[in-house]
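Notes for the structure review
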2 protein chains.
Amino acid sequence: MEQIPVLKLGEFLLVSIQVELHDELVMSLQDDLTSRIERTHAKGVLIDISALEIVDSFIGRTLGHIAAMARVMDATTVLVGMRPAVAITLVELGMSLHGIRTALDVDKGMALLRRSLEDAGDPSSLP
Amino acid sequence: MEQIPVLKLGEFLLVSIQVELHDELVMSLQDDLTSRIERTHAKGVLIDISALEIVDSFIGRTLGHIAAMARVMDATTVLVGMRPAVAITLVELGMSLHGIRTALDVDKGMALLRRSLEDAGDPSSLP
């Protein structure tokens, strides 16, 4: 079961991270996600981390890399579902996730993506 | 990280099963899901099993129980993302998932839920 599914939700992609990330899993997630962005022309990626009780510097860096990959493929990444304890740890680790937008839950993350696409003037993003 | 998150997607709930289900995890998922249905008044539940390579009779039964619980709380369950090998196994095990609707992916599952709510004449479900 070692695979993190990338789910298509309308015009966006959703990745729900529930298992401990290790190098191999991260590589396969990056492959999957970038090929899904290419295939589906998704303009936004939602990464849900509500199942994660701990985010260490490896996961923090990995999320940053994924967001950067999505960005160069013209998709915006929003991190959703962060627990309060995770926010505290991230800042204490000195990782303030520059360049990654966040939202409290998937609904708010999708609203943020829609707004940012509308602001960018992409007519295909209008509901 | 032993928890399966229940994500709110507009008027529906999404559960993406990625880890091996065991008794305790199933109990906590059932608790979470039923309390989320109560809190959010969700009319539909999407269970994504695209990460599962194997579905044994325990998982099959569990999915049936979850769907039955959702049904008595007036929510429809749609199972999405089933792999071909899983479909073969399920039928070979004699589990044809009576009473659970299925769809190929999350998008199609959401469309199915919307249609079934419209047919039921629920005006709040209209887009």
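These numbers come from a predicted model, not from an experiment.

What follows covers the interface of chain A and chain B. Each side of the interface is counted separately: chain A has 22 residues, and chain B has 22 residues. Interface of chain A and chain B: buried area, both sides summed, is about 2,000 Å²; carbon and sulfur atoms make up 57% of it. Where chain A packs against chain B, one counts two salt bridges. Across the pair K8(B) and D107(A) runs a salt bridge whose closest N-O atoms are separated by 2.9 Å. Along the contact surface separating chain A from chain B lie eight residue pairs in polar contact (both at pLDDT 80 or more). For the side of chain A that touches chain B, the secondary structure elements donating two or more residues are β1 (6–9), β2 (12–16) and α4 (106–119) of chain A. For the side of chain A that touches chain B, the residue count by class is 12 nonpolar, five polar and five charged.

Moving on, we come to the packing of helix α1 (residues 23–40) of chain B against helix α2 (residues 57–72) of chain B. Residue and element names in this part refer to chain B. The N-to-C vectors of α1 and α2 enclose an angle of 20°; their axes lie 10 Å apart at closest approach. In terms of orientation, α1 and α2 fall into the roughly parallel class. Taken as a pair, α1 and α2 cross one another with a handedness that is right-handed. Counting all contacts with α1, which are made through D23, V26, L29, Q30, L33, T34 and I37, the residues of α2 involved are F58, T62, H65, I66, M69 and A70. Broken down by class, the residue content of the contact of α1 with α2 amounts to eight nonpolar, four polar and one charged.

To continue, consider the side chain of T77(A). Residue and element names in this part refer to chain A. Looking at where T77 falls in the secondary structure, it is placed in strand β4 (residues 76–80). We classify T77 as buried; its relative accessible area is 5%. Residues in contact with T77, not counting those within four places in the same chain, are V45, I47, I66, A67, A70, I100 and R101.

Here we take up the sheet that holds strand β3 (residues 44–48) of chain B. In a beta sheet, neighbouring strands pair by backbone hydrogen bonds and run either parallel or antiparallel. Residues and elements named next belong to chain B. Pairing is mixed in the open sheet, where five strands are placed in the order β1-β2-β3-β4-β5. Bordering the open sheet on either side are β1 (6–9) and β5 (101–103), each of which pairs with just one other strand. Across the sheet, the mean angle from the axis of one strand to that of its neighbour is 30°, orientation sign disregarded. With five bridges joining them, strand β2 (residues 12–16) and β3 adopt parallel strand pairing. Each residue of the ladder has a partner; that of L13, found in β3, is V45.

What follows concerns the UniProt feature "domain: STAS" (unreviewed entry) in chain A. UniProt feature "domain: STAS" (unreviewed entry): in the numbering of this structure it lies at residues 2–113 of chain A. The distance separating the terminal C-alpha atoms of residues 2–113 of chain A is 29 Å; by composition the span is 46% helix and 20% strand.

Quick look at the sheet that holds β2(A) now. Residues and elements named next belong to chain A. Read from one edge of the open sheet, five strands run β1-β2-β3-β4-β5, paired in mixed fashion. Strands with a single pairing partner mark the edges of an open sheet, and in this sheet they are β1 and β5 (101–103). Each strand of the sheet is rotated relative to its neighbour by a mean of 30°, with strand direction disregarded. In the packing of helix α1 (residues 23–40) onto the sheet, the strands contacted are β1, β2 and β3 (44–48), and the crossing angle to β1 comes to about 25°. Strands in contact with helix α2 (residues 57–72) are β3 and β4; relative to β4, the strand with the most contacts, it is inclined by about 150°.

Basis of the calculations
Residues numbered from 1 in each chain as written. Chains lettered and ligands numbered in written order. Predicted model: local features only at pLDDT ≥ 70, side-chain atom pairs only at ≥ 80, totals over all residues. Heavy atoms only, no water. Contact = heavy atoms within 4.5 Å. Buried area = accessible area lost by both parts, 1.4 Å probe. Salt bridge = Lys/Arg side-chain N within 4 Å of Asp/Glu carboxyl O. Polar contact = N/O pair within 3.5 Å; in protein donor to acceptor, adjacent residues only side chain to side chain. Helix = DSSP H or I, 4+ residues; strand = E, 2+ residues; numbered from the N terminus. Nonpolar A, V, L, I, M, F, W, Y, C, P; charged D, E, K, R; others polar. Axes fitted to C-alpha atoms, helices over the stretch in contact; angles between N-to-C directions. Parallel < 35°, antiparallel > 145°, perpendicular 65-115°, else oblique. Left-handed = near helix turned anticlockwise from the far one by under 90°. Buried < 20%, exposed > 50% of the residue type's maximum accessible area, 1.4 Å probe, protein only. Pairing = 2+ DSSP bridges. UniProt positions renumbered as here; feature names shortened; annotations may be inferred.

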